[in-house]
Amino acid sequence: MSDPTTPGTPVEGPRPPGGRRRTNPPDPALVDERIARLATDALVTRRGYLRILGVLSGGLALGNVAVAAGAFRRRTEGATEDLVITEDASAVPVGGEVRFNYPTDNDPAVLIRLDEDLFVAYSTVCTHLACEVLWVPDDRELFCPCHDGHFDPDDGAPTGGPPQRPLPEIVLERQGDRIVAVGEGRILEHED
Ligand code: FES
């Protein structure tokens with residue numbers, strides 16, 4: 001049998017219309033203990049949040065250091081190894097092309113002979129959504145069939161369709177009969 005005088009002890013008796021029995025006022029010691037536990041839980045949650053923040057900001061700081069150290073490849077002139085595109089430039093007819101990969105085997109590019117003495121080279125990854133761009137000598141343009149994108153072969157600038165940025169240029173060097181890719185060119189901003 002419980003003692004109704006003890007704080008927190010349920011009072012025996014008929015149920016009220018709502019179906020719940022009344023209880024005596026809670027034991028202040030129990031209330032204090034619960035408040036202390038809630039405060040501890042909140043503290044733990046706050047610590048976890050701060051830990052996540054610490055991990056995130058640490059990752060960002062590491063990323064900045066990596067960028068500053070040049071860990072990510074940047075498209076800068078002379079930043080990559082040279083590649084002989086052709087040993088015999090005269091074998092490429094005016095209007096002709098030579099496909100190659102540069103600066104890595106996964107970067108398709110094209111060398112185009114625009115004139116007797118004028119060779120240009122560009123990445124053939126479309127600057128819209130990365131489809132492969134084609135050289136169309138009859139129209140004297142680089143064309144992307146995915147969304148009807150057009151580029152000027154003189155400077156790689158977009159001339160029609162959705163692309164907004166020029167094709168990255170590859171810097172060429174003539175070494176005797178050879179044509180050599182010696183770096184990735186500046187990304188020329190297209191001026192409307
Ligand atoms: S991917 Fe080239 S125009 Fe869209």
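Looking at unusual backbone geometry
That bond from Y102 to P103 is cis: its omega, 5 degrees, falls within 30 degrees of zero. Structurally, the position occupied by P103 is in the loop between β2 (97-101) and β3 (108-113). One non-glycine residue, A130, lies in positive phi territory at about 75 degrees. Here A130 shows up in the loop between β4 (119-123) and β5 (134-136). In this model, D148 sits at a positive phi of 60 degrees, which is unusual for a non-glycine residue. As for its position among the elements, D148 is in the loop between β6 (141-144) and β7 (149-151). Under the relative-accessibility criterion, D148 is labelled partly exposed at 42%.

Considering the environment of R140
Mapped onto the secondary structure, R140 falls in the loop between β5 and β6. Here the alpha-carbon distance between R140 and G95, two residues 45 residues apart in the chain, equals 8.1 Å. When residues no more than four places from it in sequence are discounted, the contact partners of R140 are L114, W135, P153 and D154.

Some details on the confidence of the model for the protein
In this model, the protein carries an average pLDDT of 76, and 58% of its residues clear a pLDDT of 70 or more. For the stretch residues 62-78, pLDDT sits under 50, and the model shows 21 contacts to residues farther than four places along the chain or on other chains.

Comments concerning the sheet that holds β4
Strand order in the open sheet formed by three strands is β2-β3-β4, and the pairing between neighbours is antiparallel. Of all the strands in the sheet, just β2 and β4 have a single pairing partner and so form its edges. Put simply, the sheet's adjacent strands are angled 20 degrees from each other on average, direction ignored. Of the strand pairs in this sheet, β3 and β4 are connected by five bridges, and their pairing is antiparallel. Its bridge partner being in β4, I112 is matched across the sheet by V120.

Here we look at the state of the cysteines
Evaluation of the coordinates by the stated rule reveals one disulfide. Between the sulfur of C131 and that of C146 lies a disulfide, 1.9 Å long from S to S. Taking the sign of the torsion about the S-S bond as the criterion, the disulfide between C131 and C146, at about -90 degrees, is left-handed. Here C131 is found in the loop between β4 and β5, whereas its partner C146 is found in the loop between β6 and β7, with 15 residues between them in sequence.

Structural notes on the nonpolar core
Where a protein is soluble and globular, its nonpolar side chains tend to be buried together. Grouped together as the largest cluster of nonpolar side chains are 13 residues, with contacts concentrated most on I112, V133, L142, F151 and L167. Counting residues per element, the ones that place at least two in this core are β3, β4 and β6. With near-sequence residues (within four places) excluded, V133 lies in contact with R99, T124, V125, C126, L142, F143, C144, F151 and L167.

A word on the environment of F119
On the secondary structure map, F119 appears in strand β4. Along the primary structure F119 and R174 are separated by 55 residues, whereas in three dimensions their C-alpha atoms are 9.5 Å apart. Contacts of F119, omitting those with residues within four sequence positions, involve A89, V92, L111, I112, R113, L172, R174 and I179.

The rules behind each value
- Note on numbering: residues in each chain are counted from 1, in written sequence order.
- Per-residue local features are limited, in this predicted model, to residues with pLDDT of at least 70; the limit for side-chain atom pairs, both in listing and counting, is 80 or more; totals at the level of whole chains, interfaces and linings are taken over all residues.
- Side-chain measures were taken over the full set of non-hydrogen atoms in the model, leaving aside hydrogen atoms and water.
- Secondary structure follows DSSP: runs of H or I at least 4 residues long count as helices, runs of E at least 2 residues long count as strands, and numbering of each begins at the N terminus.
- Each residue is assigned to one of three classes by its accessible area relative to the maximum for its type, calculated with a 1.4 Å probe on protein chains only: buried under 20%, partly exposed between the two thresholds, exposed over 50%.
- Throughout, a contact is declared for two residues whenever any of their heavy atoms are within 4.5 Å.
- Note on scores: pLDDT gives the predictor's confidence for each residue, bounded by 0 and 100.
- Strand pairing is assigned whenever DSSP detects at least two bridges linking the two strands.
- Inter-axis angles, ranging from 0 to 180 degrees, are taken between N-to-C directions of lines fitted to C-alpha atoms, where helices are fitted over the stretch in contact.
- Note on terminology: pairs of cysteine sulfur atoms within 2.5 Å are recorded as disulfides.
- To define a nonpolar core, start from buried Ala, Val, Leu, Ile, Met, Phe, Trp, Tyr and Cys residues and group those joined through side-chain atoms within 4.5 Å.

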